[in-house]
Amino acid sequence: MRKEKLDTRIVTAGRSKRWTQGLVNPPVSRGSTVVFNTVEEKSNAIKNRGGHTLFYGRRGTQTSFAFQEAMVELEGGAGCALYPCGTAAITNAILAFVEQGDHILMVDGVYEPTRDYCDKVLKKMGVETTYYDPMIGEGIRDLIQPNTRILFLESPCSYTMEVQDVPTLAQIAHEKDIIVMLDNTWGAGINFSPFEHGVDISIQAATKYIVGHSDVMLGTAVASEKYWDQLRENSYLMGQCTSPDDLYLALRGVRTLGVRLRQHQENSIRVAQWLSERPEVDHVRHPAFPTCPGHEFYQRDFTGCNGLFSVVLNCGNTQALTAMLDGMSHFSMGYSWGGFESLILANEDIASLRTATKPELAGPLLRLHIGLEDPDDLIRDLEEGFARFNSVL
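Engineer: Help me understand the packing of helix H5 (residues 86-95) against helix H6 (residues 112-122), please; the structure alone is not making it clear to me.
Structural biologist: If you want to describe how two helices pack, look at the angle between their axes and the distance between the axes. Where H5 meets H6, the closest approach of the two axes is 10 Å, and the angle between their N-to-C directions is 45°. As the angle between them shows, H5 and H6 are arranged oblique. Handedness of the crossing formed by H5 with H6: right-handed. Side by side, H5 and H6 meet where Thr87, Ile90, Thr91, Ile94 and Leu95 of the first sit next to Pro113, Thr114, Tyr117 and Leu122 of the second. In terms of residue class, the contact of H5 with H6 is made up of 6 nonpolar, 3 polar and no charged.

In structure tokens form, the structure reads like this:
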């Protein structure tokens, strides 16, 4: 079978005639109860309820089937489970495969709600978590226990942006039949191919780049054939389902994913380069820059980047950061990213988010999401911000 190039797959994924029904886009199909005309029809639906067959609204409608198919066509794997947000995708993917007495290995630079879930929920269930250095590489062998069930990766990591050596970590995990899960939100399903690098379950906050417009909460978990049935059925038992209206917007977002990411990439590299030359900046943590930990793995494994990166300042305090951030014109402060707009957040104490490693940073860290605005306007906004920053140092 001919393999289309990525931009073509982005346009065509999830648009089989079975779902579009003669339209360009799959329509919004809402429903809870599915009715059957015959006993035989109902029996067939029961037998095929794990697939793309109408059975009950929580199992999905044509809109969800189209989006699930699209995600599998983009990321690979055997099936895609859907969740009402990215955190739900993470927590339910983990929950589907652990039980009391199990142990998981969690990257120390992980998204903060994932850490909270391990420390506050899994711990009460009798599941132990060990946090590990994102750059541990072969050293992960020393942390594997007989009851280790999951190796969880996030590459690059939240805030500090370390890019992990995913193939090496996955190979070691598979030697012990450990499930490899990856938060692939930064890779957006197209800049990093998880199943080509040894990942078993690829998770995304589709809230971010998949939707792309900061107006939908959505999570996805795409699994390999080995783990798909268990993920699907456990997620269903936990009551996970999503709105067809949100999925329609996500499908719309998929169509422009490639061009949006290329523009985010172009804008972010330009802004990051300007920041790297600022006297207030110690170094840039953008995976495409040599100053980012794991840059060599980015070069080897990724096909592109996006708008999210961090910079470490060489000086600063709360008063100076407040003066800078309170007066921004184009950068807003917000905890998400991946939309068309630019965002900025400051963190003066990264060490408080880590337990296995304590990154030695010269000063506060700024995390930026570079949106689709003109980079000249964003640079001017940052320049004025640094002027306010310096005025109160």
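Next comes the rest of the description.
Engineer: What should I look at first to understand the side chain of Glu75 in this one?
Structural biologist: Among the structural elements, Glu75 can be located in helix H4 (residues 62-75). As a buried residue without a salt bridge, Glu75 has its nearest oppositely charged side chain in Arg9, at a separation of 10 Å. In terms of polar contacts, Glu75 uses its side chain to reach the side chain of Ser202, at 2.6 Å.

Engineer: Any chance you could explain the nonpolar core here in plain terms?
Structural biologist: Note on soluble globular proteins: their nonpolar side chains tend to be buried together. Grouped together as the largest cluster of nonpolar side chains are 84 residues, with contacts concentrated most on Phe67, Ile94, Met181, Ile201 and Leu231. In terms of residue count, the dominant contributor to this core is H4 (6 residues). With sequence-adjacent residues up to four places away left out, Met181 is seen in contact with Ala93, Ile94, Phe97, Ile150, Leu151, Phe152, Leu153, Ile201 and Ile203. Ranked by size, the runner-up nonpolar core spans 25 residues in total, among them Leu275, Phe309, Met324 and Leu366.

Engineer: Teacher, can you tell me more about the environment of Val35 here?
Structural biologist: In this structure, Val35 sits in the loop between helix H2 (17-20) and helix H3 (39-47). Note on Val35: relative accessible area 67%, which makes it exposed. The spacing of Val35 and Thr168 is 133 residues in sequence and 49 Å in space, taken between C-alpha atoms.

Engineer: Please clarify how the pattern of salt bridges should be interpreted in this entry.
Structural biologist: Working definition: two side chains of opposite charge can pair if their charged atoms are close together. Applying the stated criterion across every chain, the model contains 17 salt bridges. In this structure, a network of salt bridges that share partners links the residues Asp108, Arg115, Glu162, Arg285 and Arg354.

Engineer: I tried to follow the state of the cysteines on my own but got confused; where do I start?
Structural biologist: Disulfides are covalent bonds that link the sulfur atoms of two cysteine residues. Tallying each qualifying case throughout the model produces 0 disulfides. This cysteine, Cys85, is not joined by any disulfide, and Cys241 carries the nearest cysteine sulfur, 12 Å off.

Engineer: Looking at this structure, I do not really get the sheet that holds strand S5 (residues 179-183). What am I missing?
Structural biologist: Spatial strand order, S1-S7-S6-S5-S4-S2-S3: 7 strands in an open sheet with mixed pairing. Lying at the two open borders of the sheet, with one neighbouring strand each, are strand S1 (79-83) and strand S3 (128-132). For this sheet the average axis-to-axis angle between neighbouring strands, irrespective of direction, equals 20°. Relative to strand S4 (residues 148-154), strand S2 (residues 103-107) runs parallel, the two being bridged by 4 bridges. Looking at S4, one finds that Leu105 is bridged to Leu151. Its contacts with the sheet put H4 on S1, strand S6 (201-205) and strand S7 (219-223), and the angle it makes with S1 is roughly 125°.

Engineer: Which parts of the structure should I look at to understand H4?
Structural biologist: The α-helix winds at 3.6 residues per turn, so residues separated by three or four positions along the chain end up facing the same way. For H4, built from 14 residues, the straight-helix expectation of 20 Å at 1.5 Å per residue is met to within 8% by its first-to-last C-alpha distance of 20 Å. For H4, a buried count of 10 out of 14 residues is recorded, marking the element as mostly surrounded by other parts of the structure. Count one or two residues on from H4 and you reach Gly76, which has phi positive near 100°.

Engineer: Got a minute to help me understand the pairing of S1 in this structure?
Structural biologist: If a strand is regular, its side chains alternate between the two faces of the sheet. Across the 5 residues that make up S1, a large majority, 5, are buried. Along S1, one buried face is formed by Gly79, Ala81 and Tyr83 and the opposite face, lined by Cys80 and Leu82, is buried too. Strand direction decides the pairing type here: S1 and S7, joined by 5 bridges, are antiparallel. Looking across to S7, one finds that Gly79 is bridged to Ala223.

Engineer: Explain the environment of Leu353 here, please?
Structural biologist: For Leu353, the position within the fold is in the loop between strand S10 (343-347) and strand S11 (365-369). Sequence spacing of Leu353 and Gly79 is 274 residues, and the spatial spacing of their C-alpha atoms is 33 Å. Apart from residues lying up to four places away in sequence, Leu353 is in contact with Asp108, Glu112, Arg115, Tyr159 and Asn347.

Engineer: Any chance you could explain the pairing of strand S8 (residues 281-285) here in plain terms?
Structural biologist: Of all 5 residues in S8, 4 are buried, a share of seventy percent or more. Pairing of S8 with strand S9 (residues 308-313), which is carried by 4 bridges, proceeds in the antiparallel orientation. Bridge assignment links Arg285 to a residue of S9, and that residue is Ser310.

Engineer: What's the story with the sheet that holds S8 in this structure? I'm lost.
Structural biologist: Within a sheet, neighbouring strands are paired by backbone hydrogen bonds and run either parallel or antiparallel to one another. Pairing is antiparallel across the open sheet formed by 4 strands, whose spatial order is S8-S9-S11-S10. Lying at the two open borders of the sheet, with one neighbouring strand each, are S8 and S10. For this sheet, the mean inter-axis angle between neighbouring strands, taken without regard to orientation, is 20°. Its contacts with the sheet put helix H12 (residues 318-326) on S9, S10 and S11, and the angle it makes with S10 is roughly 175°.

Engineer: What should I look at first to understand unusual backbone geometry in this one?
Structural biologist: A negative phi holds for most residues other than glycine; trans holds for most peptide bonds. For the peptide bond that leads from Ser155 to Pro156, omega is -5°, which places it in the cis range. Among the secondary structure elements, Pro156 is positioned in the loop between S4 and helix H7 (166-175). In this model, Gln21 sits at a positive phi of 55°, which is unusual for a non-glycine residue. Gln21 sits in the partly exposed class, given a relative accessible area of 48%. Here the phi dihedral of Met161 falls at roughly 65°; this positive angle occurs in a residue that is not glycine.

The rules we used
- All chains use their own residue numbering, which begins from 1 and follows the written sequence.
- Local features in this predicted model are restricted to residues whose pLDDT is 70 or higher, and side-chain atom pairs enter the listing and the counts only when it is 80 or higher, whereas totals over whole chains, interfaces and linings include all residues.
- To obtain the side-chain values, all non-hydrogen atoms of the structure were included, while hydrogens and water were left out.
- Where helices are involved, their axes are fitted lines through C-alpha atoms of the stretch in contact, as for all axes, and angles between N-to-C directions lie from 0 to 180°.
- Segments assigned H or I by DSSP are reported as helices when at least four residues long, segments assigned E as strands when at least two residues long, and all are numbered from the N terminus.
- Orientation labels follow simple angle bins: below 35 degrees gives roughly parallel, above 145 gives roughly antiparallel, 65 to 115 gives roughly perpendicular, and whatever is left gives oblique.
- If you view the pair so one helix is near and one far, a crossing is left-handed when the near helix is turned anticlockwise from the far one by less than a right angle, and right-handed when it is turned clockwise.
- Throughout, a contact is declared for two residues whenever any of their heavy atoms are within 4.5 Å.
- Residue type decides the class: Asp, Glu, Lys and Arg count as charged, Ala, Val, Leu, Ile, Met, Phe, Trp, Tyr, Cys and Pro as nonpolar, and the leftover types, Gly among them, as polar.
- Each residue gets one of three labels from its accessible area relative to the maximum for its type: buried under 20%, exposed over 50%, partly exposed in between, using a 1.4 Å probe on protein chains only.
- In this count, Lys and Arg are taken as positive residues and Asp and Glu as negative ones, while His and the chain termini are left out.
- The rule for a salt bridge is simple: a side-chain nitrogen of Lys or Arg has to be within 4 Å of a carboxyl oxygen of Asp or Glu.
- Pairs of N or O atoms are called polar contacts if they sit within 3.5 Å, as long as, within protein, a hydrogen donor faces a hydrogen acceptor (for residues adjacent in sequence, only side-chain-to-side-chain pairs).
- Residues enter a nonpolar core if they are buried and are Ala, Val, Leu, Ile, Met, Phe, Trp, Tyr or Cys, with the set joined through side-chain atoms within 4.5 Å.
- Pairs of cysteine sulfur atoms within 2.5 Å are what we label disulfides.
- Any two strands between which DSSP finds at least two bridges are classified as paired.
- Expected helix span is computed as 1.5 Å times (number of residues minus one).

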